[in-house]
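Chains, contacts and geometry: an overview
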Amino acid sequence: MGADSLRDLWLTYQSTVAFIGLNGLLALSVYTTLSCGQLSLAQAGFMALGSYAAAVLTLHTAAPFPVVLLAGAVAPALVAVPLGLPVLRLKGVFLAIATIGFGEVVRIFFVNLDFTNGALGLVAIPQRTGIWMIYLALAAALFVLWRIQGSRAGYALEAIREDEPAARTMGIDSSAYKLSMLVLGAALAGLAGALDAHLNFMVAPANYGFGRVVDMLVYAVVGGTTVFYGPVLGAAFLTLLPEVLRELGSHVGLQPGPLRLFVNGLVLLLVILFLPNGIASLPARIRRRLAARRAEADLA
Amino acid sequence: MLRLGGVARTFGGLRAVDGVDFAVGEGEVHGLIGPNGAGKTTLLNLVSGLIRPSGGEISLGGRRIDRLPSHRIAALGITRTYQNIRLFPALSAVENVLVGSHLRRSDPLWKRMLFLPGYRREEADALQRALAFLARVGMEERARERASNLSYGEQRRVEIARALASSPRVILLDEPTAGMNPTEVSSIASLIREVTRTGQSVLLVEHNVKLVMDVCDRITVLNFGKVIADGTPAAVATDPAVIAAYLGSEG
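A few points on the structure. (Residues numbered from 1 in each chain as written. Chains lettered and ligands numbered in written order. Predicted model: local features only at pLDDT ≥ 70, side-chain atom pairs only at ≥ 80, totals over all residues.)

Concerning the overall build of chain B
Heads up, the condition is: Where helices and strands are cited, they refer to DSSP runs of H or I of at least four residues and of E of at least two residues respectively, numbered from the N terminus. Computation of the radius of gyration draws on C-alpha atoms alone. For the globule rule, the value is 2.2 Å times the number of residues to the power 0.38. Contact between two residues is assigned whenever their backbone-derived C-beta positions fall within 7 Å.
Secondary structure summary: chain B contains 10 helices and 10 strands in total. Since a compact globule built from 251 residues should have a radius of gyration of about 18 Å, the 19 Å found for chain B is in line with a globular shape. Its C-alpha atoms give chain B principal-axis dimensions of about 75 × 40 × 35 Å. Sequence separation of at least 24 residues holds for 67% of the intrachain contacts in chain B that already meet a minimum separation of 6.

Remarks on the interface of chain B and chain A
Test applied: Gly counts as polar in this scheme, as do all residues outside two lists: the nonpolar Ala, Val, Leu, Ile, Met, Phe, Trp, Tyr, Cys and Pro, and the charged Asp, Glu, Lys and Arg.
On the side of chain A, 21 residues touch chain B, which itself brings 26 residues to the contact. Of all the secondary structure elements, the ones that give two or more residues to the side of chain B that touches chain A are helix 2 (70–76), strand 6 (78–80), helix 3 (93–100) and helix 4 (109–113) of chain B. Counted by class, the side of chain B that touches chain A contains 13 nonpolar, 7 polar and 6 charged residues.

Comments concerning the packing of helix 6 (residues 152–162) of chain A against helix 3 of chain B
Angle between the axes and distance between the axes: these two values describe a pair of packed helices. Convention followed: Only the contacting stretch of a helix is used when fitting its axis, a line to C-alpha atoms as for every element, and angles between N-to-C directions run 0 to 180 degrees. Our angle categories are set so that under 35 degrees counts as roughly parallel, over 145 as roughly antiparallel, 65 to 115 as roughly perpendicular, and the remainder as oblique.
Packing of helix 6 of chain A against helix 3 of chain B brings their axes to within 9 Å, and their N-to-C directions diverge by 105°. Taken as axis vectors, helix 6 of chain A and helix 3 of chain B run roughly perpendicular relative to one another. In contact with Tyr155, Ala156 and Ala159 of chain A of helix 6 of chain A, helix 3 of chain B contributes Glu95, Leu98 and Val99 of chain B. Its residues assigned to classes, the contact of helix 6 of chain A with helix 3 of chain B shows 5 nonpolar, no polar and 1 charged.

Thoughts on the sheet that holds strand 1 (residues 2–11) of chain B
All names here are of chain B. Let me state the cut-off plainly: By definition, two strands form a pair when at least two bridges between them are found by DSSP.
If you trace the 4 strands from one edge of the open sheet to the other, you get 2-1-4-5, paired in antiparallel fashion. Each edge of the open sheet is held by one strand with a lone partner, namely strand 2 (14–24) and strand 5 (63–64). Inspection of the sheet shows strand 1 paired to strand 4 (residues 55–60) by 5 bridges, in the antiparallel sense. In the strand pairing of strand 4, glycine 5 is matched with glutamate 57. Its contacts with the sheet put helix 1 (residues 40–47) on strand 1, strand 2 and strand 4, and the angle it makes with strand 2 is roughly 65°.

Structural notes on the environment of arginine 293 of chain A
By secondary structure assignment, the location of arginine 293 of chain A is in helix 12 (residues 282–299). Through-space distance from the C-alpha of arginine 293 of chain A to that of serine 250 of chain A is 40 Å; in sequence the pair is 43 residues apart.

Observations regarding the sheet that holds strand 7 (residues 170–174) of chain B
All names here are of chain B. Judged by pairing direction, the sheet is mixed, and its 6 strands sit side by side in the order 6-7-8-3-9-10 without closing on themselves. Since the sheet does not close on itself, it has two edges, and those belong to strand 6 and strand 10 (226–231), each with one partner. Each neighbouring strand pair of the sheet contributes to a mean axis angle of 20°, computed without reference to strand direction. The pairing of strand 6 with strand 7 spans 3 bridges and is classified as parallel. Residue pairing across strands places arginine 80 opposite leucine 172, the latter belonging to strand 7. Its contacts with the sheet put helix 10 (residues 240–247) on strand 9 (218–223) and strand 10, and the angle it makes with strand 10 is roughly 130°.

Below, the structure written as structure tokens:
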């Protein structure tokens, strides 16, 4: 009886668990470029390239799944190099606009590509992704980002984020670091896309529009971009939230759909206003608050 | 060591730097003075590669550097401080100096990824070196403080430590004692002299005339982007053109 209900719970929520992992990977792919101060919104385009590359390999060749996943990560990484060389010379909002442009170009390219069924996309992709694979990929990504933090390269990235010209006069080749992080982010987005394609049976251009990259960015910002695990926390929180709301909403007779968007927007607003370093900064904040209260109590 | 020949830079119609020639010798402290707007900071920006000259040549040890990007110029041995302090505010004092030692560190990242021995020692060594540089500017006790929490004078000292941390051949100091009290100023003066003892050169932009006269081997005076005097401190101090530029000419 107990085991049965646990199994039911797992069956009900395993797709949510999978999406938390995938969204975590996508949030990290935005974080990689944010970690050196660059707002790149090309990630939905990278994800599309990874999804399509992997799906085409699976549907048209007998490539084993690890090779398919590898291709999904490598294809967008290769595209990121010629994209990054000119585009990373741009700063701030201009970089954001140029990379949005790239994402749209990729999406429209696939809309018009007959080989992949245009706007309909590829369907009946065999389901090969296991949840453990998603979490293995996520763990690997977190491991790499954890090891970068505090290293010579990690300090170089922080210096570029804080003041790029000053970092350059310390001898830091900021262009090379920025390009490396764009490539790493592209690989993560592509890997997430490849895993996603083999979990949900289909890829279609509509999945990789501007809304997708905004979602990724919101995960990262809500979770916090000052530490490497922040974006994953944000992705987990914002992926779970609609599920919780659906439960609550059904009790008070509300439609979950519109509620979800409203609550996502509200959460983003609250985080930016009251928790600018994201959910990841919450424990330190609570500790400080408690310490202050204790100090006050001691005085009294 | 560092040689400028006919260096010019215009901003629109303004000739901010207009045909400047001078040379900084090895182990020499070279002062660069002049009234506000004379082009001193522009000149430092040209030497460190933040902006490109519109004419002339800059060379370091016989090698032309004026077309190189700033990180290459730093790698060849020129680092600097900034008039309006540009520390990395979210990093601690010692982390700022660690960034400054970027060029002197091997990259232990892949060893770090695989937890191979060696990376810990490299990182511990780098940290020790950074702390030693902070000690040279008297900031070792504030090493863990966020740069943005430090006082103005402290930030200037950390910035000097950060510039020294790459063991540059030439260090450019842009008003290093602005906002410092007299005790801090004299400690900076002795630091500058100490730096040159190991053969490093200093190009010093400074408004504190006493400091400039005390520490400089040679002085170049700029006015409206042009060199109006160049020589030893004693010669420059009595030069009529310099006196006119600073005090206005009589009648």
